[in-house]
Amino acid sequence: MKAFKILRKTTLLRHKPNPTTIFRAFFSAEPLTPEPDSQPSNSDSTFDSSHYEIPISNDPPKPTWNEGVRNRVEGLFGDEVSSEAKRKFKDEEYERKRKALAKALLEAALNKEEEDDNDDEETDGGVVKEEDQKSLSVGIIGAPNAGKSALTNYMVGTKVAAVSRKTNTTTHEVVGVLTKGDTQICFFDTPGLTLNYAGFPYRDVKARVESAWSSVNLYEVLIVIFDVHRHITRPDSRVTRLIQRMGERSIPTQKRVLCINKIDLVEKKKDLLKVAEEFKDLPGFERHFMISGMKGAGVKDLTQYLMEQAVQRPWEEDPFTMTEEVMKMISLEVVRERLLDHVHQEIPYDIEHRLVDWKELRDGSIRIEQHFVTNKLGQRKILIGKNGSKIGRIGIEANEELRTIFKKQVHLILQHIKCQRCVDYTDLGSP
Ligand SMILES: Nc1nc2c(ncn2[C@@H]2O[C@H](COP(=O)(O)OP(=O)(O)OP(=O)(O)O)[C@@H](O)[C@H]2O)c(=O)[nH]1
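Criteria and thresholds
- Residues numbered from 1 in each chain as written.
- Predicted model: local features only at pLDDT ≥ 70, side-chain atom pairs only at ≥ 80, totals over all residues.
- Heavy atoms only, no water.
- Buried < 20%, exposed > 50% of the residue type's maximum accessible area, 1.4 Å probe, protein only.
- Helix = DSSP H or I, 4+ residues; strand = E, 2+ residues; numbered from the N terminus.
- Arc of directions from axis to C-beta.
- Salt bridge = Lys/Arg side-chain N within 4 Å of Asp/Glu carboxyl O.
- Phe/Tyr/Trp six-rings, centres within 6.5 Å; stacked < 30°, edge-to-face > 60°.
- Core = buried A, V, L, I, M, F, W, Y, C linked by side-chain atoms within 4.5 Å.
- Contact = heavy atoms within 4.5 Å.
- pLDDT = per-residue confidence, 0-100.
- Axes fitted to C-alpha atoms, helices over the stretch in contact; angles between N-to-C directions.
- Parallel < 35°, antiparallel > 145°, perpendicular 65-115°, else oblique.
- Nonpolar A, V, L, I, M, F, W, Y, C, P; charged D, E, K, R; others polar.
- Pairing = 2+ DSSP bridges.
- Left-handed = near helix turned anticlockwise from the far one by under 90°.

1. What to know about helix α13 (residues 377–384)
Inspection of α13 places Leu 377, Gln 379, Arg 380, Leu 383 and Ile 384 among the buried residues, and these make up the whole buried set. Each buried residue of α13 sits inside an arc of 155° when the element is viewed along its axis, so together they form one side. In the stretch just after α13, Gly 385 is the one whose phi turns positive, near 75°.

2. A word on the pattern of salt bridges
This model, assessed by the stated rule, comprises 16 salt bridges. Across the salt bridge formed by Glu 277 and Lys 280, the nearest N and O atoms sit 3.5 Å from each other. Residue class for Glu 277 comes out partly exposed when judged on its relative accessible area of 49%. One salt bridge in this structure joins Asp 281 and Lys 280, with 3.5 Å as the shortest N-O distance. Residue classification places Lys 280 among the partly exposed positions, given a relative accessible area of 44%.

3. Structural notes on the packing of aromatic side chains
This model, assessed by the stated rule, comprises two aromatic pairs. Look at Phe 226 and Phe 279: their rings are 5.5 Å apart centre to centre, the planes differ by 75°, and that puts the pair in the edge-to-face class. Within this pair, whereas Phe 226 is found in strand β5 (residues 221–227), its partner Phe 279 is found in helix α10 (residues 269–279), the two being separated by 53 residues in sequence.

4. Quick look at the nonpolar core
By size, the foremost hydrophobic cluster in this structure holds 26 residues, and its most contacted members are Ile 368, Phe 372, Phe 406, Leu 412 and Leu 414. At the level of secondary structure, the elements contributing two or more residues to this core comprise α12 (324–342), β9 (352–360), β10 (366–374), α14 (389–406) and β11 (410–418). Those residues within four positions of Leu 412 in sequence are excluded, and the remaining contacts are Phe 47, Asp 48, Ser 49, Val 335, Ile 368, Gly 395, Ala 398 and Asn 399. Among the nonpolar cores identified, the runner-up in size contains 25 residues, and Val 177, Phe 188, Val 224 and Phe 279 belong to it.

5. Comments concerning the confidence of the model for the chain
Close reading of the predicted structure is inappropriate where its pLDDT is low. Counting all residues, the mean pLDDT for the chain is 70, and 57% of those residues have values of 70 or more. Mean pLDDT across the secondary structure elements of the chain bottoms out at helix α2 (residues 19–27), with 30, and peaks at helix α8 (residues 228–233), with 97. Predicted confidence for residues 55–90 stays below pLDDT 50, and this span has 60 contacts to residues more than four positions away or in other chains. In this model, residues 159–172 is a region of pLDDT below 50 whose contacts with residues beyond four sequence positions or in other chains number 60 contacts.

6. Here's the deal with the packing of helix α6 (residues 148–156) against helix α11 (residues 299–309)
Taken N-terminus to C-terminus, the directions of α6 and α11 make an angle of 75°; their axes are 11 Å apart at the nearest point. With respect to α11, the element α6 is oriented roughly perpendicular. Every residue of α11 that contacts α6 at Leu 151, Tyr 154 and Met 155 is listed here: Val 299, Leu 302, Thr 303 and Leu 306. Residue composition of the contact of α6 with α11, grouped by class: six nonpolar, one polar and no charged.

7. Some details on the sheet that holds β11
Strands sit in the order β1-β11-β10-β9 across an open sheet of four strands; the sheet is mixed. On the outer flanks of this sheet lie β1 (46–48) and β9, each paired with one strand and no other. The mean angle between the axes of side-by-side strands here comes to 15°, regardless of whether they run parallel or antiparallel. With nine bridges connecting them, β10 and β11 associate as parallel partners. Of the residues in β11, the one forming a bridge with Glu 369 is Ile 413. Seen against the sheet, α12 touches β9, β10 and β11 and runs at an angle of roughly 135° to β9. α13 contacts β10 and β11 of the sheet and is inclined by roughly 145° relative to β10.

8. Points about the packing of α12 against α14
Here α12 crosses α14 at 140°, and the two axes come no closer than 9 Å. In terms of orientation, α12 and α14 fall into the oblique class. For the pair α12 and α14, the crossing hand works out as right-handed. From α12, Met 327, Ile 330, Ser 331, Val 334, Val 335, Arg 338, Leu 339 and His 342 reach across to α14, where they touch Lys 390, Arg 393, Ile 394, Glu 397, Ala 398, Glu 401, Leu 402, Ile 405 and Phe 406. A per-class count over the contact of α12 with α14 returns ten nonpolar, two polar and five charged.

Here it is as structure tokens:
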């Protein structure tokens with residue numbers, strides 16, 4: 001308990017968080033008033049969702065990939081699309097956008113089914129007496145890209161950490177809170193961990209790895225997760241050593257489980273059995289779970305197991321409520337996730353990302369304005385894309401996802417802002 005309290009102090013995300021702290025920690029930025037050099041809203045460097053007729057539907061996404069959902073995708077690019085949208089997203093761009101949205105809607109639809117199952121168990125926090133409350137602290141540990149954030153996101157049900165195709169995107173510990181019935185589980189997502197410090201030239205990475213190791217034993221349950229597809233196709237001896245080290249001996253104060261992740265990527269199921277066989281004799285692991293943290297396969301069993309481990313103890317966090325500050329944070333997370341998805345170079349790490357305006361409008365919709373500040377002309381070009389196609393793509397996908405999460409109409413504006421002091425821009429006199 002004491003250890004858990006110490007641990008909490010090191011985490012960033014809490015209930016009723018101070019927005020300034022969160023935004024600084026996540027994006028080195030805080031809400032600002034728009035800068036005087038802002039681009040006009042009709043420029044290529046701006047995405048404004050009001051330029052696109054994204055159909056409004058009050059119906060929740062359907063539980064399967066059925067005709068209704070397909071119609072929504074079709075509607076987005078059908079006859080009702082404005083001429084500007086058509087111009088921007090024609091040809092190849094149009095096709096890719098259609099597919100990306102279809103995938104997003106499919107995932108939203110599938111996720112909904114899982115949520116529906118659990119609706120009756122969710123709590124508003126006011127009904128469970130303190131003496132009846134149960135709690136559990138869970139750490140998730142694994143190599144970079146193993147899928148720690150995706151699993152945390154799936155279990156907690158909101159965006160708590162940016163998930164991307166890059167490694168080491170989790171630069172801090174993030175807590176996600178899952179409260180169901182009388183039980184609350186707090187998740188701690190450790191940074192990418194390696195057994196070998198060699199190859200990490202930067203001090204901060206080394207410090208991060210050391211901090212991850214030192215916190216490992218503080219959790220009541222430790223999830224050791226690895227990418228089974230990678231293990232089958234390109235095994236990494238460091239990952240094998242991590243699993244073996246964690247499974248060598250059981251410790252009385254902590255239960256450890258092995259999560260064989262990304263099973264959706266493995267075509268031959270007998271390959272999965274071979275991997276399970278490989279690690280089956282490690283005494284430190286109480287259970288093995290085959291999961292897809294992203295798609296959700298096996299996650300229900302894992303969640304059930306965790307619920308059963310909870311101990312009688314008052315909750316540490318208020319149950320999750322969608323406060324405005326949480327919504328603001330989610331809006332930044334969702335846009336950042338899309339940025340990382342679509343800009344595959346090192347660029348996203350150099351781009352400053354700010355929430356500059358948030359308004360709940362009279363019609364119940366939310367207007368969200370965010371700015372990207374780039375240092376170099378090259379970064380600007382990549383971020384914006386041809387005729388604004390890239391920033392538009394990021395914007396449309398983020399807008400759609402935010403609307404699904406908030407269950408409200410969202411008017412998202414993404415704008416590129418040039419860095420005032422940057423030599424690259426000054427020399428070329430570029431916008
Ligand atoms: N197909 C598939 N992809 C997954 C799954 N879980 C995670 N991914 C993908 O794997 C990549 C890495 O996932 P993350 O959750 O960011 O991994 P992480 O372990 O938190 O990574 P670091 O932050 O670098 O430590 C992302 O592109 C995810 O979409 C899964 O179950 N199936």
